[in-house]
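# Geometric and topological summary
Letter by letter, the chains look like this.
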Amino acid sequence: MTWSWELFFSYESVKDTGISIGIILLFLIFRKIFTKYVFKLLLKLSRKAPSDFFSYIFIAFEKPVRWLFIIIGVYVAVDYFPYLEQANPLFQNIIRSFVIFMVSWGLYNLSASSSLLFFKIEERFDIDIDDILIPFLSKALRFIIVAISISVIAQEFGYNVSGFVAGLGLGGLAFALAAKDAISNLFGGIVIITEKPFTIGHWIKTDSVEGIVEDITFRSTLVRTFADALVTVPNATLANESITNWSQMNKRQIMFYLRVTYDNPREKIETVVNQIEDLLKNHAEIHQETIFVSLDQYKEYGLDILLYFFTKTTDWGNYLNIREELNFKILEILENEGVTIAIPSRRLYMDSEYDGQSPVRQESE
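Attention in this report is confined to the structure presented alongside it. Just so it is clear, the model here is predicted, and its values are computed rather than measured. The residue numbering used here restarts from 1 in each chain and proceeds along that chain's sequence as written. Only residues with pLDDT of at least 70 are given local features in this predicted model, and only at 80 or more are side-chain atom pairs given and counted; all residues enter the totals for whole chains, interfaces and linings. Side-chain calculation: all heavy atoms of the structure are included, whereas hydrogens and water are not.

With that settled, the discussion passes to the packing of helix H4 (residues 62-78) against helix H5 (residues 89-112). Throughout, an axis means a line fitted to C-alpha atoms (over the contacting stretch in the case of helices), and angles, computed between N-to-C directions, take values from 0 to 180 degrees. Secondary structure elements follow DSSP: runs of H or I of four or more residues count as helices, runs of E of two or more count as strands, with numbering from the N terminus. Two numbers describe how H4 lies on H5: the axes approach to 9 Å, and their chain directions differ by 170°. Considering the angle they form, H4 stands roughly antiparallel to H5. Between H4 and H5, the residues in contact are Lys63, Pro64, Trp67, Leu68, Ile71, Val74, Tyr75 and Val78 and Phe91, Gln92, Ile95, Phe98, Val99, Met102, Trp105, Gly106 and Asn109, respectively. In these notes the angle categories are as follows: under 35 degrees is roughly parallel, over 145 is roughly antiparallel, 65 to 115 is roughly perpendicular, and the rest is oblique. Should any heavy atoms of two residues lie within 4.5 Å, those residues are counted as being in contact.

This is the structure in structure tokens:
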């Protein structure tokens, strides 16, 4: 024990330990210089380049490179450190694992910016990349990076990854049965992304939900209803339902019946039909391709005039304003022509309470 303590406090040991600490401090200074000057200079130069690709790379690898200075400093310092050998297998494995982790960290950060890269690719090569597909590909790419980095690090410590994969193959059936719902939701998400029945921000209606799509993940789709509730719908459910995408409307339909009484003169009714048709054909917000105004049916309480047309706008608020404006103008046409709207009514005939008197007729509406 005396010999060990003397060796520990010997001049050579203290000197080598001091050199090791000095090397680590030196690399910490290099790290500070890189962060404050070199990185900013490289980032400034990359932004002057025609493409932003190098800027994305520098930003993604900034923090991993900072830690890489410390790893290199520790590796060099251990060469002088008297109590640990640089050639130690465990130390070598740890250093290599940290380097792999730093590279994976940078690629992971870059995949988070991959949506920007995808947008650049779309602009450069005129490729239509859906808003749903971009985050989906980004998440898939991140998952692949994490899986590969864990496998490589495990191999550095002598773990047999191929045996692990083979073991997964043996238990694959049980895993598939246990994760049946998750797998069906995953494939449902792939179907939604590839067929594109809707995208984020669209107003959809299905058998289970109606609202605005806020997000699409591997497992489910988030829909904000008009009651401001957030509904999580499994992708497998959506993929097997009929989906009405109201946001894909090019025009918005208006159809209703205007019922007038039988005692209105035929000429008045014909005039009303013609005036309403002229109103629609001269309205700036009505789609002129399809306009139908006609006396359509004989009903129990009156005559039905069919109105069938479309507004140019699909916005709900504007649609309601246009519909209200047209209703007021139609009422004005009816008032000007003296045409009355039919109201369901019944006429009741009751015998007089006194003999010899004519019956009394009462009308109720």
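Strand pairing is assigned whenever DSSP identifies at least 2 bridges connecting the two strands. Ordered in space as S4-S3-S2-S1-S5, the 5 strands form an open sheet in which the pairing is antiparallel. The open sheet terminates on both sides in strands that have one partner only, identified here as strand S4 (230-234) and strand S5 (244-245). Pairing geometry for strand S2 (residues 210-216) and strand S3 (residues 220-224), over 4 bridges, is antiparallel. Residue pairing for S3: Val213 is matched across the bridge by Val223.

Looking now at unusual backbone geometry. In this model, Asp228 sits at a positive phi of 70°, which is unusual for a non-glycine residue. Inspection of the secondary structure assignment puts Asp228 in the loop between S3 and S4. Three labels apply to residues, based on accessible area from a 1.4 Å probe with only protein chains included: buried if under 20% of the type maximum, exposed if over 50%, partly exposed otherwise in between. Judged by its relative accessible area of 57%, Asp228 falls in the exposed class.

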